[in-house]
Amino acid sequence: MGYDNVEVPSAGQRVELSGEDELAAPDDPIVPIIHGDGIGVDVGPAAQTVLEAAADATGREIHWMRVYAGESARETYGENLPADTTEALREFKVSIKGPLTTPVGAGFRSLNVALRKELDLYANIRPTYHLEGVPSPVKRPEQMDMVTFRENTEDVYAGIEWEAGTEAVREVEAFVAEEMGFDDTIHDGPVGIGVKPITEFGTKRLVRKAIDYALEHGRDSVTLVHKGNIMKFTEGAFRDWGYEVAEAEYGEEVITEDTLWEERDGEPPDDAVVVNDRIADNMLQQILTRTDQYDVLAMPNLNGDYVSDACGAQIGGLGIAPGANVGDGRVLAEPVHGSAPKYAGQDKVNPTAMILSGRIMLEFMGWTDAADLVRDAVERTIVDRKVTYDIERQIEGGEKLATSEFAAAVVDNLRELA
């Protein structure tokens, strides 16, 4: 298709699909990139520099296609999320973005949520692992090696809400009390009401994606994290539907925790993934107290938001935490952190989260050698104490680097490791 304000690279090829869901990346893919708002102007180019070097070191080349959302889109298009951008992300299948800020009165609950819904990127995937040399608030951060799968399209993030004081909320309140019989549930006075949809369809495709990931990456377990003891028909259903997927679709490749103890005295078969479940508040304790006992976590949207951030705290914070939004045959990588506008353009902040988000993108493209180089080079740079200000102020003997200087140091180490 044609684009109004975007230049498609003259060289390079599209990433295609192999089968229903598998990406088949050429050695010279066209990859759309949104630098993002605020510090995106710094971390976006830094990530490009490192990812280009990783591709080059493994005999490949990335052809970047700059597209726009948020502030940069308002400057170019007069709107936050132009059709050029969504069509490019849809057409070229593999892409990466920096942080976006949704301005007040913008018409979106969140630009990030809007992108996920528009492209049906239903799984938010966040691998959380410690890099040697990064200060952490826990004693043994190296035990943290979890991958969270957060459902991206449902739960309270679906945006079905009614504002206190409106005629609409009064109608909903009356319906709940008079028609549904919950006449003593809502306190008197102004009330905001929301609806929390959890569907069998949304749950099963998310859990399926998590189990497939665990099998492909040699992970031992998938834990369904829910609050089903209280929200029995939403999060309790999430748990039940998750177990249904495990029991009905995977044969001997997957075993549930109950079956494990009933039939095997707790000893899992070789190469099988164990599916279990934990209550969400208990899980927040266990990621601290039994960190090394968990692998892949699958959960509804809000739980995923809380738990993945808590995991990120154990490895040193969201400034180094990567993520990606994944659908069927489509990946949009993005860092977990926000746009921090007060630091924008200062060439100061840590680009590690966006660089490692690019690593996830490379893995989904099948470029595991390039992805491993990125991780190893970032870690070596930090071990050498060549770091940005956020880490330098927490360690002794560190060399404080600008964003662009840190990216250059990572590239130097990457080329030595290649």
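Look up: the structure comes first, before these words.
1. A look at helix α4 (residues 111-118)
Argument step 1. With 6 of its 8 residues buried, α4 lies for the most part within the structure.
Argument step 2. When we look at burial in α4, the residues that qualify are Leu-111, Asn-112, Val-113, Ala-114, Leu-115 and Arg-116.
Argument step 3. Buried residues along α4 sit in contact with α3 (83-92), β5 (94-97), β6 (123-129), β7 (145-151), β14 (324-327) and β15 (330-333).
Argument step 4. Directly beyond the C-terminal end of α4, a positive phi value near 55° is found at Asp-120.

2. Some details on the environment of Ala-123
Argument step 1. Mapping Ala-123 onto the fold places it in strand β6.
Argument step 2. For Ala-123 and Met-283, which are 160 residues apart along the polypeptide, the C-alpha to C-alpha distance reads 20 Å.
Argument step 3. In this view, Ala-123 contacts Phe-149, Arg-150, Asn-152, Leu-206, Lys-209, Ala-324, Asn-325 and Val-326; residues no more than four positions away in its chain are not counted.

3. Digging into the pattern of salt bridges
Argument step 1. Under the definition given, this model contains 28 salt bridges.
Argument step 2. Its salt-bridge partner being Glu-235, residue Lys-196 comes within 2.9 Å of it at the nearest N-O pair. With Lys-196 in the loop between β9 (193-194) and α6 (200-216) and Glu-235 in helix α7 (residues 235-249), the pair connects residues that are 39 residues apart, well separated along the chain. For the pair shown, Lys-196 and Glu-235 are each scored as buried.
Argument step 3. Counted as one network, the salt bridges with shared partners bring together Asp-27, Arg-60 and Asp-369.

4. Here we look at unusual backbone geometry
Argument step 1. Even without a glycine there, the phi angle at Lys-93 is positive, about 70°.
Argument step 2. On the secondary structure map, Lys-93 appears in the loop between α3 and β5.
Argument step 3. Using a relative accessible area of 14% as the deciding quantity, one classes Lys-93 as buried.

5. Quick word on the nonpolar core
Argument step 1. If you look at the biggest cluster of nonpolar residues, it comprises 89 residues, and the most contacted ones within it are Phe-149, Ile-211, Val-222, Met-361, Leu-362, Val-374 and Val-378.
Argument step 2. The element best represented in this core is helix α1 (residues 40-57), accounting for 8 residues.
Argument step 3. With near-sequence residues (within four places) excluded, Phe-149 lies in contact with Ala-123, Asn-124, Ile-125, Leu-206, Lys-209, Ala-210, Tyr-213, Val-296, Leu-297, Ala-298 and Met-299.
Argument step 4. With 21 residues, the next largest nonpolar core counts Val-6, Ala-69, Phe-92 and Leu-100 among its residues.

6. Here's the deal with the environment of Trp-162
Argument step 1. The residue Trp-162 is located in strand β8 (residues 161-162) in this model.
Argument step 2. For the pair Trp-162 and Glu-173, spaced 11 residues apart in sequence, the C-alpha separation works out to 9.7 Å.
Argument step 3. Not counting residues within four places of it along the chain, the set of residues in contact with Trp-162 comprises Ala-168, Val-169, Val-172, Gly-192, Ile-193 and Val-195.

7. Here's the deal with the pairing of strand β4 (residues 63-66)
Argument step 1. Judged from the 4 bridges that link them, strand β3 (residues 30-34) and β4 form a sheet pairing that is parallel. Following the sheet pairing, Ile-30 is matched in β4 by His-63.
Argument step 2. A crossover connection joins β3 to the parallel β4 through α1; in handedness this β-α-β unit is right-handed.

8. Quick word on the side chain of Asp-295
Argument step 1. Counting through the fold element by element, Asp-295 comes out in the loop between α9 (280-289) and β13 (296-299).
Argument step 2. A distance of 2.9 Å separates the side chain of Asp-295 from the side chain of Arg-219, its partner in a polar contact.
Argument step 3. Setting aside residues no more than four positions away along its own chain, Asp-295 makes contact with Asp-145, Met-146, Val-147, Arg-219, Asp-220 and Ser-221.

Thresholds, definitions, all that
- Residue numbering note: each chain is counted from 1, following its sequence as written.
- Local features in this predicted model are restricted to residues of pLDDT 70 or higher, and side-chain atom pairs are both shown and tallied only at a pLDDT of 80 or more, whereas totals for entire chains, interfaces and linings draw on every residue.
- Note that water and hydrogens are dropped before the side-chain values are worked out from all heavy atoms of the structure.
- A simple rule labels every residue: compare its accessible area, found with a 1.4 Å probe on the protein chains alone, to the largest value its type can have, and call it buried under 20%, exposed over 50%, or partly exposed in between.
- Numbering of helices and strands starts at the N terminus; helices are DSSP runs of H or I of at least 4 residues and strands are runs of E of at least 2.
- Residue contacts are defined here by distance: any two heavy atoms, one from each residue, within 4.5 Å place the two residues in contact.
- A pairing counts as a salt bridge when a side-chain nitrogen of Lys or Arg comes within 4 Å of a carboxyl oxygen of Asp or Glu.
- Nonpolar cores were defined as sets of buried Ala, Val, Leu, Ile, Met, Phe, Trp, Tyr and Cys residues, with membership established by side-chain atoms within 4.5 Å.
- For two strands to count as paired, DSSP must find a minimum of two bridges between them.
- Call a crossover right-handed when, viewed with both strands pointing away from you, the route from the first strand across the helix to the second goes clockwise.
- For this analysis, a polar contact is any N or O atom pair within 3.5 Å, provided that within protein one partner can donate a hydrogen and the other can accept it, and provided that sequence-adjacent residues contribute only side-chain to side-chain pairs.

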